[in-house]
Amino acid sequence: MTAPMRPGISACPACSAAPAAQALAHQDTVLDARIALSLPTIHCAACISAVEDVLNAYPGVHNARVNLTMKRASIEASPDVMPDALVRAVRAIGYEAHELDAGTLSATTTDKAGRDLLMRLAVAGFAAMNVMLLSVSVWSGAADATRDMFHWISALITMPVIVFSGQPFYRNAWAALRHGRLNMDVPITLAILLAVITSLWETSLSGAHAYFDAALALTFFLLAGRYLDYRTRAIARSAAEELAALEVPRAFLLKDGQETQVPVAQLAVGDLIRLRPGGRLPVDGVIVDGQTELDRAMLTGETVPVFAGPGQAVSAGEVNLTGVLTVRATAVGQDTSLHRMADLVAIAESGRSRYTSLADQAAKLYAPGVHILSGLSFVGWYFYTWDVRTALNIAAAVLIITCPCALGLAVPAVTTAASGRLFRRGMLIKDATALERLAQIDTVVFDKTGTLTQGTPVLTNLHNHPPQAMAVAMALAAGSAHPLSQAIVRAGAAAGLEPAQISALQERPGYGTMGQWQGQTVRLGRAAWVGAQAGAQTSAWLQIGTGAPLQLTFADNLRAGAAQAVAELKQQGCNVIMISGDATPAVAALAAELGITDWQAEALPAEKLARIEALSAAGHKVLMVGDGLNDTAALSAAHASISPASALDAARVASDIVLLGGDLAPIAQAVQTARAATRRIRENFTVATVYNIVAVPLAVAGLCSPLIAALAMSLSSITVSLNALRLR
Amino acid sequence: MEILVILIPVSLLLGGAGLLFFVWTVKSNQYDDPDGDAQRILSGQWDDHPKP
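Since this is a predicted model, take the numbers as computed values, not measurements.

*Asks:* Requested: an account of unusual backbone geometry, with residues and values cited.
*Replies:* All names here are of chain A. Its identity is not glycine, yet Ser-206 carries a phi of approximately 45°, on the positive side. Its identity is not glycine, yet Gln-518 carries a phi of approximately 50°, on the positive side. On the secondary structure map, Gln-518 appears in the loop between β18 (512–517) and β19 (520–525).

In structure tokens, the structure reads:
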């Protein structure tokens, strides 16, 4: 009775979303291309129909369907329809759209495990309701033959359902026992099986008490907890995969002078790759042709771009800024320095693996305790009455009463509510225990470039130079896509300057731009190119004729909410530290601006890791916030970690929480929510314990009828769920 | 009490029908997009005739 997925689903992942279209597509053309678009701004019925109308009207599109829950459109179209064209068509009607890599997404569309759990939950719910109906008749006075018949019918319903619905528990319990361990599922399995066996025995002897309803209600409540838990993680996983899928891995391969677009996975050592300005290097290699500047911020944290020309070795992950490059690949895929750097992560002992979740802590106390209690009741009653039947009945009652219905719901209900709340604020909780760990932190370590700052430069000394010179600089900068040039154009336009008239404008990739202005040669570019001394600060130089070069300095802009996040974290009593790979002056300036007294500049990835480990060794619980590859080791070593959505894939994978928006302010709120959630979890444990303290003596004394068991179980589960909902 | 012979099978059949109905909704992907389904009701697009 599982939900079988259609075979061959991986070839056509979103067909499951539109079975009718699948049939249609197979009649038409067998080779329909699957395209997925991310639509982050859609929110209403009008948006859905507007986007669907545009996509369905596009020539070559056979079927398009928008999924509002995932904010995604899945499209079946003939292979010649280019995804970029569809993205442009959707943008033309005013909705943001991005292409998603269908290969990365295919895993989420086949949600087999979720359906499986949902099906078992539904069957258990159906059976529990029907058996409860019969049980209520028994409790309200049905006697003799009628009671026996009701019990037998209950047994008939219960047996197959218990076999089917309880499987997740049996499997987990068996896996734990085989390795000589105890987990929550062992007492659960024992309680369910013992309840059914004693009830069958009682029924066959026409006894008064049967626990069929308890066994089913137990299964139902526990499955509900499991399903909630699964949903929370599935939503986070699918959103995380969507982030990864946003980077469609394609490269331009040069072969016999011809450029072809190929997936990055197909590149081999020795291939020639063409890289345009703005592109990220997919492989390690050597520059064969072209000059440029490379942005290495993701790898090292430096904000100043590095010059690169033929013969120079380049690493995967660097971004090409100005010139067109031809690169011969020397290492691809897992061998690239990008991956080797990510391997540091494997060496760093993960904060995650060291942490024992609250649920596990509870299970460690609980599982042996329950077995001992129930075993003692059996032995005690056996020696008191010398009757196996009575003793077994009471042992089963003890197990049913103590069974962790409330415990099983206590954690998932709270984490579901808290994750949902944070998700609406733009935070994605990736790890199950992330909230509990986040609640404990007392030290926050920030990376600078790309985390506290936006990673885009801003011109700082516009007014130190004559407006005429700035007008020339603007005109020169307008001819380049370099981030510093764009910063000059933005700053000039904001100050109301008009670009000067310049002729013979040309860009020298890797150096700068030059042109003719009023009969003089003017240049804007690197220090060495215009004959100036390079300083530590990020700067471009302007030379007019043969005059002294003017220095244009730049600073990195703060990310939105950075100041607020730092201030609020301090207010909550956290120690805030900044560690960056960037040069000292830039780091010092930013630290002063944010009021961070503890900072460290020019830190290597291993030094960041060492600092985190030193802090942990000193007993601090560290939250690491970072985005670069040089942060990944630190991210995984920290007690909890957060990375912005703009971070490299490797950094996002290493962190527990991903910030979906550009704003940093939710970090402080997340810490508060996490603390509130942990409080709720502890409250829920208290509720569950109190209920056990009241009910267990009754069960041990043999006074616990099936009616009391059913009432206590339902009441505690509902109390715990309602308490979790208070978090919203 | 003879009425039970009819009532119990009837209640089980009705419940079973509900269960089968639920299984069908799961298998035909009706829980893939709850937010979208809630919004699509408001669209007047297929009010006159169903989507072909």
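*Asks:* Any chance you could break down the domain arrangement of chain A for me, citing the residues and the numbers?
*Replies:* Residues and elements named next belong to chain A. Taken as a whole, chain A is organised into domain 1 (9–110), domain 2 (113–238 + 360–414 + 676–725), domain 3 (250–343), domain 4 (426–454 + 559–668) and domain 5 (456–557). Relative placement of domain 2 and domain 4: their C-alpha centres are 43 Å apart. Taken together, the five residues of domain 2 in the interface contact seven residues of domain 4. A combined buried area of about 440 Å² lies between domain 2 and domain 4, and 67% of that area is made up of carbon and sulfur atoms. By the criterion of area lost to domain 4, the three top residues of domain 2 are Arg-233, Ala-236 and Thr-678, representing 68% of everything that side buries. Our count for the contact surface shared by domain 2 and domain 4 stands at zero salt bridges. The tally of links between domain 2 and domain 4 comes to zero residue pairs in polar contact (both at pLDDT 80 or more). Elements with a contribution of two residues or more to the side of domain 2 that touches domain 4: α9 (212–245) and α26 (666–700). Its residues assigned to classes, the side of domain 2 that touches domain 4 shows three nonpolar, one polar and one charged.

*Asks:* Account for the pairing of strand β24 (residues 622–625) of chain A, naming residues and giving values.
*Replies:* Residues and elements named next belong to chain A. Across the two faces of β24 the burial is the same, with Val-622 and Met-624 and Leu-623 and Val-625 all buried. Note: strand β15 (residues 443–446) against β24, four bridges, orientation parallel. Its bridge partner lying in β24, Thr-443 is registered against Val-622. Pairing of β24 with strand β25 (residues 640–644) involves three bridges; the strand directions are parallel. Note that in β25 the partner of Val-625 across the bridge is Ile-642. Viewed along the sheet, the connection from β24 through helix α24 (residues 632–637) into β25 turns out right-handed.

*Asks:* Describe the nonpolar core, listing the residues and the values that go with them.
*Replies:* Side chains of nonpolar character tend, in soluble globular proteins, to be buried together. All names here are of chain A. Core analysis: the biggest nonpolar cluster contains 127 residues, and Phe-446, Leu-452, Leu-569, Leu-623 and Ile-667 have the highest contact counts within it. Counting residues per element, this core draws most heavily on α26, which supplies 14 residues. Inspection of this core shows a minimum of three residues originating in each of domain 2 (113–238 + 360–414 + 676–725) and domain 4 (426–454 + 559–668). Ranked by size, the runner-up nonpolar core spans 22 residues in total, among them Ala-469, Leu-476, Val-522 and Leu-542.

*Asks:* Let's hear about the layout of surface pockets: which residues, and what values?
*Replies:* All names here are of chain A. Taken as a whole, the second largest pocket holds about 1200 Å³ of empty space. Where the lining of the second largest pocket is concerned, the elements lending two or more residues are α5 (112–139), α7 (167–178), α8 (185–204), α9, α13 (358–385), α15 (405–424) and α16 (434–440). Broken down by element, the lining of the second largest pocket gets its largest block of residues, eight residues, from α9.

*Asks:* Just give me the short version of the packing of aromatic side chains, but keep the residues and values in it.
*Replies:* This model, assessed by the stated rule, comprises eight aromatic pairs over all chains. Ring plane angle 70° and centroid distance 5.5 Å describe the contact between A:Tyr382 and A:Trp386, whose orientation is recorded as edge-to-face. Arranged with centres 5.9 Å apart and planes meeting at 50°, the rings of B:Phe22 and B:Tyr31 form a pair that is tilted. Following the ring pairs from residue to residue traces out a cluster consisting of A:Phe378, A:Tyr382, A:Phe383 and A:Trp386. Directly above the aromatic system of A:Phe164 lies the positively charged group of A:Arg120, at a separation of 4.8 Å from the ring centroid.

*Asks:* Tell me about the environment of A:Phe252, and please be specific about residues and values.
*Replies:* Residues and elements named next belong to chain A. With respect to the helices and strands, Phe-252 occurs in strand β5 (residues 250–255). Spatially, the C-alpha atom of Phe-252 lies 8.7 Å from that of Pro-263, the residues being 11 residues apart in sequence. The residues touching Phe-252, leaving out its near neighbours within four places in the chain, are Glu-259, Thr-260, Gln-261, Leu-272, Ile-273, Arg-274 and Arg-276.

*Asks:* An account of the interface of chain A and chain B is requested, with residue identities and associated values reported.
*Replies:* Many analyses report the size of an interface as the accessible area lost when the parts associate. The interface is formed by 33 residues belonging to chain A together with 23 residues belonging to chain B. Buried surface at the junction of chain A and chain B, summed over both partners, amounts to about 2300 Å²; 62% is from carbon and sulfur atoms. A:Glu52 is the salt-bridge partner of B:Arg40, the closest N and O atoms lying 2.9 Å from each other. Across the chain A-chain B interface, the total number found is six residue pairs in polar contact (both at pLDDT 80 or more). Of all the secondary structure elements, the ones that give two or more residues to the side of chain A that touches chain B are α2 (45–57), β2 (61–67), α5 and α6 (144–165) of chain A. Looking at the side of chain A that touches chain B element by element, the count peaks at eight residues for α5(A).

*Asks:* Before we move on, could you go through helix α22 (residues 584–594) of chain A and cite the residues and values that matter?
*Replies:* Residues and elements named next belong to chain A. All buried positions along α22 are accounted for by Val-587, Leu-590, Ala-591 and Leu-594. For α22, the angular spread of the buried residues around the axis is 105°, confining them to a single face. Facing away from the buried side of α22 by more than 90 degrees, the exposed set consists of Ala-592 and Glu-593. With its phi angle positive at about 75°, Gly-595 sits one or two positions after the end of α22.

*Asks:* Please give an account of the sheet that holds strand β9 (residues 292–295) of chain A that cites residues and values.
*Replies:* Residue and element names in this part refer to chain A. Spatially, β10-β9-β12 is the arrangement adopted by the three strands of the open sheet, whose pairing is antiparallel. A single partner strand is all that each edge strand has here, and the edge strands are β10 (306–308) and β12 (319–320). With two bridges connecting them, β9 and β12 associate as antiparallel partners. Bridged to Asp-295 within β12 is Val-319.

*Asks:* Go over the pairing of strand β3 (residues 72–77) of chain A with me, naming the residues and quoting the values.
*Replies:* Residues and elements named next belong to chain A. Most of β3 is tucked away: six of the six residues are buried. Side-chain alternation along β3 places Arg-72, Ser-74 and Glu-76 on one buried face and Ala-73, Ile-75 and Ala-77 on a second face that is also buried. As defined by bridge partners, strand β1 (residues 33–38) adjoins β3 across six bridges and the pair is classed as antiparallel. If you follow Ile-35 over to β3, its bridge partner there is Ile-75. Linking β2 back to β3 in an antiparallel pair, the connection comprises four residues, with Lys-71 at a positive phi of about 50°.

*Asks:* Requested: an account of the packing of α7(A) against α8(A), with residues and values cited.
*Replies:* All names here are of chain A. Across the interface, α7 lies against α8 with an axial gap of 8 Å and an inter-helix angle of 125°. Considering their axes alone, α7 and α8 lie oblique with respect to each other. Seen along the crossing, α7 lies across α8 with a hand that is left-handed. Contacts between α7 and α8 involve Phe-169, Tyr-170, Asn-172, Ala-173 and Leu-177 on the former and, on the latter, Asp-185, Val-186, Ile-188, Thr-189, Ile-192 and Leu-193. Of the residues belonging to the contact of α7 with α8, the class tally is eight nonpolar, two polar and one charged.

*Asks:* Mind laying out the sheet that holds strand β4 (residues 98–100) of chain A, listing which residues take part and the relevant values?
*Replies:* Residues and elements named next belong to chain A. The strand order across the open sheet built from four strands is β2-β3-β1-β4, with neighbouring strands paired in antiparallel fashion. Only two strands of the sheet have a single neighbouring strand rather than two, namely β2 and β4. Averaged over neighbouring strand pairs, the angle between their axes works out to 25° when direction is ignored. Pairing analysis gives three bridges linking β1 to β4, with the strands arranged antiparallel. Following the sheet pairing, Ala-36 is matched in β4 by Leu-100. Relative to the sheet, α2 contacts β1, β2 and β3, its axis offset from that of β2 by approximately 165°.

The rules behind each value
Residues numbered from 1 in each chain as written. Chains lettered and ligands numbered in written order. Predicted model: local features only at pLDDT ≥ 70, side-chain atom pairs only at ≥ 80, totals over all residues. Heavy atoms only, no water. Helix = DSSP H or I, 4+ residues; strand = E, 2+ residues; numbered from the N terminus. Domains from an automatic or database assignment. Contact = heavy atoms within 4.5 Å. Buried area = accessible area lost by both parts, 1.4 Å probe. Salt bridge = Lys/Arg side-chain N within 4 Å of Asp/Glu carboxyl O. Polar contact = N/O pair within 3.5 Å; in protein donor to acceptor, adjacent residues only side chain to side chain. Nonpolar A, V, L, I, M, F, W, Y, C, P; charged D, E, K, R; others polar. Buried < 20%, exposed > 50% of the residue type's maximum accessible area, 1.4 Å probe, protein only. Pairing = 2+ DSSP bridges. Right-handed = clockwise from strand over helix to strand, strands pointing away. Core = buried A, V, L, I, M, F, W, Y, C linked by side-chain atoms within 4.5 Å. 1 Å grid on protein atoms, 1.4 Å probe; cavity = no way out; pocket = protein on both sides within 12 Å on 5 of 7 lines; lining within 4 Å. Points joined across faces, edges and corners; volume = space filled by probe spheres on them. Phe/Tyr/Trp six-rings, centres within 6.5 Å; stacked < 30°, edge-to-face > 60°. Lys NZ or Arg CZ within 6 Å of the ring centre and 35° of its normal. Arc of directions from axis to C-beta. Axes fitted to C-alpha atoms, helices over the stretch in contact; angles between N-to-C directions. Parallel < 35°, antiparallel > 145°, perpendicular 65-115°, else oblique. Left-handed = near helix turned anticlockwise from the far one by under 90°.

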